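# Observations on chain architecture
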Amino acid sequence: MNLRLSHLFAKSRVGHFGFLFISLLATFIVPELLPDEGSFRWQIPLFLTIVMLSALNAVSDKRAEFWVAASLLLFGLVPEWMHAFGVENTDIWGKILIAAFLTYVAMLILRMVLRATEIDVEVILGALCVYLLFALVWGVAYQIVALRHPGAFAIPPALLEGAANPEQALGAALQYFSFVTITTLGYGDIQPVIPIARSLAITEALFGQIYLVTLIARLVSMESDQRLTRYRPRDET
């Protein structure tokens, strides 16, 4: 009975994780294609809001966990939107709460993935969402460090000069740096300078490699067990 309910639950999450995965990809790709004008100051908060609402919807089964996530979402997005419309001295607190929210929901999704009894679309999408969410978390963490310590990252002037929204351009550059780091591509165009920035980059690179290795091992193990169970001949009676 429990396995049957678990199977039904897994099927019900496919659309939720699918929408979260699509919203994450859109957040990383679409803002880079929009014009760099002052009127587009809202684009980062808008896409971030869509991601956070999608993540909240994906982990909304248990009431206590939902309210914790919803509180972090609310108190994180309000300062972000206030800053987008020109209210100063609110951005860093919003980013801290946003990072806390993204970490919290990523851990909840990871728990679902690790507790899955079989490999299906839900498990694969959930695992991918966790990877992208943590890349987003580190990108926000880099922005917090850069706001607290200007010059914490050596960024090519071409990525920032002439931008209508310098802080938005900085955020986009550091989010790009996060993905380069978590995938260990190491282009070298952006470099962490101060110790805390270097420590964050090292931690992200280690996480990216360890997560992929353990994830592959987990999925392969589950698939092998699944095949053995499916094709095991029944004992003759």
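Residues numbered from 1 in each chain as written. Predicted model: local features only at pLDDT ≥ 70, side-chain atom pairs only at ≥ 80, totals over all residues. Heavy atoms only, no water.

The next thing to look at is the overall build of the chain. Counting secondary structure elements, the chain contains 8 helices and 2 strands. The N-to-C order of helical and strand elements in the chain reads α-α-α-α-α-α-β-α-β-α. Buried positions account for 42% of the 237 residues belonging to the chain. In the chain, of all internal contacts separated by at least 6 residues, the share reaching a separation of at least 24 is 77%. When the accessible surface of the chain is summed, it comes to about 13100 Å², and 67% of that surface belongs to carbon and sulfur atoms. (Helix = DSSP H or I, 4+ residues; strand = E, 2+ residues; numbered from the N terminus. Buried < 20%, exposed > 50% of the residue type's maximum accessible area, 1.4 Å probe, protein only. Contact = heavy atoms within 4.5 Å. Areas by Shrake-Rupley, 256 points an atom, 1.4 Å probe, with all protein chains shown as cover.)

Our next topic: helix H4 (residues 63–84). Under the 1.5 Å per step criterion, the end-to-end length of H4 is 31 Å for 22 residues, consistent within 8% with the ideal 32 Å. For H4, the set of buried residues is Glu65, Ala69, Ala70, Leu73, Gly76, Leu77, Pro79, Glu80, His83 and Ala84. (Expected span 1.5 Å × (residues − 1).)

Moving on, we come to the packing of aromatic side chains. A complete count under the given rule lists 10 aromatic pairs for this structure. Here a set of aromatic residues connected by ring pairs shows up, and it is made of Tyr131, Phe134, Trp138, Phe207 and Tyr211. (Phe/Tyr/Trp six-rings, centres within 6.5 Å; stacked < 30°, edge-to-face > 60°.)

So, on to the environment of Ser221. When you line up the elements, Ser221 lands in helix H8 (residues 195–231). By relative accessible area, which is 37% here, Ser221 ends up partly exposed. Along the primary structure Ser221 and Ile119 are separated by 102 residues, whereas in three dimensions their C-alpha atoms are 10.0 Å apart.

Let's shift gears to the side chain of Ser54. By the element assignment, Ser54 lies in helix H3 (residues 43–58). Note on Ser54: relative accessible area 4%, which makes it buried. Filtering out sequence-adjacent residues up to four positions away, Ser54 remains in contact with Phe19, Leu20 and Ser23.

For the rest of this paragraph, the subject is the pattern of salt bridges. Following the criterion strictly, the structure yields 1 salt bridge and no others. As a salt-bridge pair, Glu65 and Arg111 come within 2.7 Å of each other at their nearest N and O atoms. Here Glu65, found in helix H4, pairs with Arg111, found in helix H5 (residues 91–115); they are 46 residues apart in sequence, far enough to count as distant. A relative accessible area of 14% places Glu65 in the buried class. Judged by its relative accessible area of 27%, Arg111 falls in the partly exposed class. (Salt bridge = Lys/Arg side-chain N within 4 Å of Asp/Glu carboxyl O.)

Because an α-helix packs 3.6 residues into every turn, residues spaced three or four apart end up facing the same way. Compared with the 22 Å implied by 1.5 Å per residue over 16 residues, the 23 Å span of H3 between its first and last C-alpha is a close match. Three or more residues of H3 are buried, namely Gln43, Pro45, Phe47, Leu48, Thr49, Val51, Met52, Ser54, Ala55, Leu56 and Ala58.

Right, let's talk about the nonpolar core for a bit. Formed by 60 residues in total, the largest nonpolar core has its most connected members in Leu20, Leu24, Phe101, Leu102, Leu133 and Phe153. Of all the elements in the fold, those that place two or more residues in this core are helix H2 (14–33), H3, H4, H5, helix H6 (121–148), helix H7 (166–182) and H8. If we skip the residues at most four places from it in the chain, Leu102 touches Met52, Leu133, Leu136, Val137 and Val140. (Core = buried A, V, L, I, M, F, W, Y, C linked by side-chain atoms within 4.5 Å.)

At a minimum axis separation of 8 Å, H6 and H7 run at an interaxial angle of 130°. When the interaxial angle is binned, H6 and H7 end up oblique. The crossing of H6 and H7 is right-handed. Residues Tyr131, Leu132, Ala135, Leu136, Trp138, Gly139, Val140, Tyr142, Gln143 and Ala146 of H6 pack against Leu170, Gly171, Leu174, Gln175, Phe177, Ser178, Phe179, Thr181 and Ile182 of H7. (Axes fitted to C-alpha atoms, helices over the stretch in contact; angles between N-to-C directions. Parallel < 35°, antiparallel > 145°, perpendicular 65-115°, else oblique. Left-handed = near helix turned anticlockwise from the far one by under 90°.)

For the rest of this paragraph, the subject is the packing of H3 against H4. Following both chains from N to C, one finds H3 and H4 inclined at 175°, their axes separated by 11 Å at the closest point. By the criterion of interaxial angle, the relationship of H3 to H4 is roughly antiparallel. Side by side, H3 and H4 meet where Pro45, Leu46, Leu48, Thr49, Met52, Leu53 and Leu56 of the first sit next to Phe66, Ala69, Ala70, Leu73, Leu77, Glu80, Trp81 and Ala84 of the second. By residue class, the composition of the contact of H3 with H4 is 13 nonpolar, 1 polar and 1 charged. (Nonpolar A, V, L, I, M, F, W, Y, C, P; charged D, E, K, R; others polar.)

The next subject is a nonpolar patch on the surface. Residues Leu74, Phe75, Val78, Met82 and Val87 make up a contiguous nonpolar surface patch of roughly 430 Å² in combined accessible area. Within the element layout of this structure, Val78 appears in helix H4. (Patch = residues over 30% accessible without salt bridge, like charges linked within 9 Å, V, L, I, M, F, W, Y side chains within 5 Å.)

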